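Structural features, examined
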Amino acid sequence: MPKGEEYTKAEQQWIAETRLRLAQRRGKKPATKSGQIRALWPEIRTAIADGQSLASIRQWLEEEGGVIVTVQSLGSYLTRIRRKEMAETTKPNPPGTQPLVEAKLPPAPSPPSKLQESAKKKHGFEYPPGPPDESKLI
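Just so you know, the residues in each chain are numbered from 1, in the order the chain's sequence is written. The predicted nature of this model means local features are confined to residues of pLDDT at least 70 and side-chain atom pairs, given and counted, to a pLDDT of 80 or more, with totals for whole chains, interfaces and linings taken over all residues. Excluding hydrogens and water, the side-chain figures rest on all heavy atoms present in the structure.

1. Points about the overall build of the protein
Basically, it comes down to this: Counting from the N terminus, the helices are DSSP H or I runs at least four residues long and the strands are E runs at least two residues long. When accessible area is computed with a 1.4 Å probe and restricted to protein chains, residues below 20% of their type maximum are described as buried, those above 50% as exposed, and intermediate ones as partly exposed. It only takes one pair of heavy atoms within 4.5 Å for two residues to be counted as in contact.
Secondary structure assignment for the protein yields 6 helices and 0 strands. The order of α-helices and β-strands along the protein, N terminus first, is α-α-α-α-α-α. Taken over 138 residues, the protein has a buried fraction of 14%. Look at the contacts in the protein between residues 6 or more apart in sequence, and 42% of them connect residues 24 or more apart.

Here it is, written out as structure tokens:
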């Protein structure tokens, strides 16, 4: 809307009524399971931090919120939510703004594990390269 131009009374009333209706709808249960879990994420995160298992949280969701999911599905939903949060905190900032998160250095390389060392060792018989020596054949 250009500067200096005001809304008419009818437009102001429409805006106020529409905002009120949208605010009322925001308080309703989301239509999808992912939306329901996302809406409850702050409480779920706190429960996890307090040491609750995903199985008990899944049971609470079913009993208290009517959200029926398996423990595996709940874990998958929570992983997606966490990834999205991480992606949002590491987005590049527009020029001239403060970074949200300081850049982290990559982790130092760890020494090779026993499994990696044993994988490098040669095991069993190895055939010599090239064609076989006919004098050594039976």
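2. Digging into helix H4 (residues 54–65)
What counts here: Given a helix with a known number of residues, its expected span is that number minus one, times 1.5 Å.
In this model H4 runs 15 Å from its N-terminal to its C-terminal C-alpha over 12 residues, within 8% of the 16 Å that 1.5 Å per residue would give. Inspection of H4 places Ser56, Ile57, Arg58 and Leu61 among the buried residues, and these make up the whole buried set. Looking one or two residues beyond H4, the residue adopting positive phi is glycine 66, at roughly 70°.

3. Notes on the pattern of salt bridges
To keep things clear, this is the line we draw: Each salt bridge in this description consists of a side-chain nitrogen of Lys or Arg and a carboxyl oxygen of Asp or Glu lying within 4 Å of one another.
Counted under the stated rule, the structure contains 2 salt bridges. In this structure, arginine 45 engages glutamate 85 in a salt bridge whose closest nitrogen and oxygen atoms are separated by 3.8 Å. Of this pair, arginine 45 sits in helix H3 (residues 41–49) while glutamate 85 is found in helix H5 (residues 71–89), placing the two residues 40 residues apart along the sequence.

4. Examining H5
Keep this limit in mind: Regarding the arc, it is the one traced by the directions from the helix axis to the C-beta atoms.
Here H5 contains 19 residues, and its C-alpha end-to-end distance of 27 Å stays within 8% of the 27 Å for a straight helix at 1.5 Å per residue. By the burial criterion, the buried members of H5 are Leu74, Gly75, Tyr77, Leu78 and Ile81. The arc that holds every buried residue of H5, seen down its axis, measures 165°, which confines them to one face. In H5, the exposed positions angled more than 90 degrees off the buried face are occupied by Gln72, Arg80, Arg83 and Met86. Where H5 is buried, its residues contact helix H2 (33–39), H3 and H4.

5. Here's the deal with the confidence of the model for the protein
As a reminder of what qualifies: The predictor reports its confidence for every residue as pLDDT, a score running from 0 up to 100.
For the protein, the average pLDDT comes to 82, and 78% of its residues sit at 70 or higher. Looking over the protein, one finds the lowest element-wise mean pLDDT in helix H6 (residues 114–120), namely 70, and the highest in H3, namely 94.

6. A few points about the side chain of threonine 18
Definition in use: Definition of a polar contact: a pair of N or O atoms within 3.5 Å, with one able to donate and the other able to accept a hydrogen when the atoms are protein atoms, and with sequence-neighbouring residues admitted only if both atoms are side-chain atoms.
Relative to the helices and strands, threonine 18 is located in helix H1 (residues 9–26). For threonine 18, a relative accessible area of 19% gives the class buried. A polar side-chain atom of threonine 18 sits 2.8 Å from the main-chain carbonyl oxygen of tryptophan 14.

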